[in-house]
Structures are given as C-alpha cells and as structure tokens.
Amino acid sequence: MKPDFIVFSQGDSREPSTWSNVPFFFTRTLEHRGYRVHHVNIGPPRFFQLLFDVPWRTCCRLVGRQTRFTFVRSRVHRHFVEAKIRRVLARFPDGYSVFMTFSFGAGDTRPYTLFCDQTFEQHIAYFDERDPDRLERPTILKERMNLRKADMIIALFPDLAESLRTVHGSKVKYYGNVVNMDIQQVDREELLKRKRASKEIVFIGSRKYKEGLERLAEAVEVLNAEGRNELTVHVIGMDRSDLPMAPRNMKFHGYLDKGISAQKQTYLDVLERSRLFVNPNPKWAAFSASCEALYLYTPVVIFPYREFESTFGDVNRVGHPLDSNDPRSLAETIANLMEDDEAWTQKAIAAHNATSMMTWENYINQYLRDLEENGRA
C-alpha cells in the first residue's frame, strides 16, 4: 500500500509561486504517481511578518547592522510552527513527512526527509561572507539538529550535497536538478528559427537581483549609443519603478505567476522568443529561471557562480561566462552572441541538451527508489 506524504513548505505547495515552483512540482508529480499528498503551509501569516519585518529592517538599515534575522527566524514563529507540525503529525499518524526547508523537522517522533537548496549557515557565509550573529545562531543550531535526525536529506545542488555528506554520510542524496516548468515537446528547428530572427533578450530576477539588472541597463545604454536600438530587453520579476531610469527598450513585465494562465503564457512566450538569458548578478543568477531558459534553447550570459558550474560544467558550453563588471564588456558579449549565428546555435543546442533529462518524473523516480530501499515506500 502506498504511503501518504505530508509535505511541509513555507508557502502553499499547491501554488507555483512558492519557492521557485519546487514544492508545486514535487507534490504534483507525487500525486500523478498515485500518492496522496497532504499540503501543509508553515509560512508565517503575512500580516505578522510585515508587522515585525518592516520596522526591524528599517532599524537595521539606520544603525548599519547586517543580519538575516527576520520574523521567520524568531522564537515566536518557531513556537507556532512546531505546534502546527505536532497537530498535523497527530492527525496523520501513518503519513511520511517531507520538509521543504532545513529549518523544521519532525523531531524524534517520526522518520522524515529534508529537502532544500542551502543551509542558513551556508547562505550567510556565501552571500554575506561573515560569521552568523547571535540572533541567527539559534536557527543554525536547530537546522543542524534537524539534519542530524532526518531519515534522508535531499540536496538540490552538488556542492551542498558534498558538504553535507562530510557530516551526515550516505543519507544525503543528490539527484541532479530539475526544470521547473511543464516539460513540453518543442520543435527544435522551428524554435531555433524563431530565436535567430529575434532581437530580444530576457532578464529574470526579483529585487534581490537588482544589482545585476543595473549592470544590464548600463550595457543596454552602451548598445543604444552604438546604434543598436532594435534590441528589446524583457525584464521579468521587477517593475520599471524598481529602475526608473532604465532605457526605454527595456520592457518590464513585473512578477509573472505561473499559476495564472495568461501570465504563464506570457512567461513562456518571452522565453521562446528571447535569444539570450542575461543576468549579470555576481554570486547567483536566478538558477531555476536559467534552467528553464536553457531548456528552451536560450544560452545564458552570467557570472560563473559555483553551483551553476558544478551542475553544468563550463558555462562557455551553454552561454558566455562573465569576468568583468564593465558595462562595455557586457555589451560586447551580448552583441557578439546576437550576431554570430553559428556560435549561438551551438550553445543553444547544448543548452537544451544539458537540461533535457532534468524532469520531475526522473527526479521523483530516484527519490521513491531510495525511499523503498529504506523501507519507507
């Protein structure tokens, strides 16, 4: 008899907008395989989160304090979430738990899987290049305990898996990565033909990628000054109000919710007609979105950050690795890839091939096999 799954996520796992679509596709694929899934949202109430975070962040900015402590890391939030987890586990005594975060677990009472992209401790070390402060440390200690007690740990990236295995051994699993979209069969020649005729590129990223968007805007100004005004740059994830002085040939779409049919279609249409995916953010370049772009024959122009190279190898094979913040260098790279059809075509085909097997069906198959070996499925 197939077990029920209880999937805990910070946001509704039935909504594509939750964590780059990962919980949505994870749970939907399980359901398509005939498993019953209980969706449990352990995210904070929006009102209480804003009530705490807005004045807290304002205060931190005023005093120049750098911290990633917010309401979701608070003792109050943890108390309510842990109480909710206990109630859910009591309600479904035979369900197998999956936590799509390292911050919570089932304790000693039940076996469970943890699934996430980075520990809080690694996030601080990589992005902030500092030690955690005293407010951040309780979350780090709790995550370490959850990882120690977990039945299985799924790491979304290879470097994360490697570092976790040094502490937790073979229970750490890495299945590759996934393309977070409804995989569709595409006519390669038709799509390549459409893209070759395009003078459009796409940037995808929320406000946390604003530094990369600013660099791209400067490069577009250079291209415009050189008379390349036919170029159109689509920006998904931000509005023009986030960068009011952006050139006019940058078209802002805001956040596009794949749970809304019209917005999902706009998202896919932009990707299908864009010749390049460009996100010159230095440490991270919207990994999930870049995978979707690669699948749809779109070479990437990015800084070669660690997890991308660990997943795909040399960026030059599927796009162009940046090594400079200079807008003229970025402009030249964009212009060269837009104009060199032969080089662009090779990279576009390699981009698709690199992601063609990164399906949720393959991912869940591997997970279920490991669960079965552990006697859990």
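Residues numbered from 1 in each chain as written. Predicted model: local features only at pLDDT ≥ 70, side-chain atom pairs only at ≥ 80, totals over all residues. Heavy atoms only, no water.

Notes on the overall build of the protein chain
On a plain count of helices and strands, the protein chain comes out with 15 helices and 12 strands. Relative to the compact-globule value of 21 Å for 377 residues, the protein chain shows a C-alpha radius of gyration of 22 Å, a close match. Counting only C-alpha atoms, the protein chain reaches 65 × 50 × 40 Å along its principal axes. Per-residue burial over the protein chain gives 54% buried out of 377 residues. Once local pairs closer than 6 in sequence are excluded, the contacts in the protein chain between residues at least 24 apart make up 66%. Surface accessibility of the protein chain: about 17800 Å² in total, with carbon and sulfur atoms responsible for 49%. With 53 positive and 50 negative side-chain charges, the protein chain shows a separation of 7 Å between the mean positions of the two kinds. (Helix = DSSP H or I, 4+ residues; strand = E, 2+ residues; numbered from the N terminus. Rg over C-alpha atoms; globule rule 2.2 N^0.38 Å. Buried < 20%, exposed > 50% of the residue type's maximum accessible area, 1.4 Å probe, protein only. Contact = heavy atoms within 4.5 Å. Areas by Shrake-Rupley, 256 points an atom, 1.4 Å probe, with all protein chains shown as cover. Lys, Arg positive; Asp, Glu negative; His and termini not counted. Charge placed at Lys NZ, Arg CZ, Asp CG, Glu CD.)

Section: the pattern of salt bridges
In total, this model carries 23 salt bridges according to the counting rule given. Where D12 meets R14, a salt bridge forms, and the shortest distance between an N and an O atom there is 3.1 Å. According to the relative accessible area criterion, D12 is partly exposed, its value standing at 22%. Connected through shared salt-bridge partners, R194, E200, D269, E272 and R273 make up one network. (Salt bridge = Lys/Arg side-chain N within 4 Å of Asp/Glu carboxyl O.)

So, the nonpolar core
F5, F26, L216, M250, F308 and Y367 are the most contacted members of the largest nonpolar core, which totals 91 residues. In terms of residue count, helix α8 (residues 210-225) provides more of this core than any other element does, 7 residues in total. Other than its neighbours up to four places away in sequence, F5 contacts L30, Y35, R36, V37, H38, Y96, V98, Y367, L368 and L371. Among the nonpolar cores identified, the runner-up in size contains 24 residues, and V40, L114, L164 and V172 belong to it. (Core = buried A, V, L, I, M, F, W, Y, C linked by side-chain atoms within 4.5 Å.)

Some points on the packing of helix α7 (residues 188-196) against helix α9 (residues 261-273)
In the contact formed by α7 and α9, the axes pass within 8 Å of each other and the chain directions differ by 80°. In terms of orientation, α7 lies roughly perpendicular with respect to α9. Side by side, α7 and α9 meet where L191, R194 and K195 of the first sit next to D269, L271, E272 and R273 of the second. Looking at the contact of α7 with α9 residue by residue, the class counts come to 2 nonpolar, no polar and 5 charged. (Axes fitted to C-alpha atoms, helices over the stretch in contact; angles between N-to-C directions. Parallel < 35°, antiparallel > 145°, perpendicular 65-115°, else oblique. Nonpolar A, V, L, I, M, F, W, Y, C, P; charged D, E, K, R; others polar.)

Concerning the sheet that holds strand β12 (residues 319-321)
Here 6 strands make up an open sheet; going across it, the order is β9-β8-β7-β10-β11-β12 and the pairing parallel. With partners counted over all chains shown, the strands left at the sheet margins are β9 (250-254) and β12, one partner each. For this sheet, the mean inter-axis angle between neighbouring strands, taken without regard to orientation, is 20°. Where α8 meets the sheet, its contacts fall on β7 (200-204), β8 (232-236), β9 and β10 (276-279), and the angle it forms with β9 comes to roughly 155°. This element, α9, spans β7, β8 and β9 of the sheet and lies at about 130° to β7. (Pairing = 2+ DSSP bridges.)

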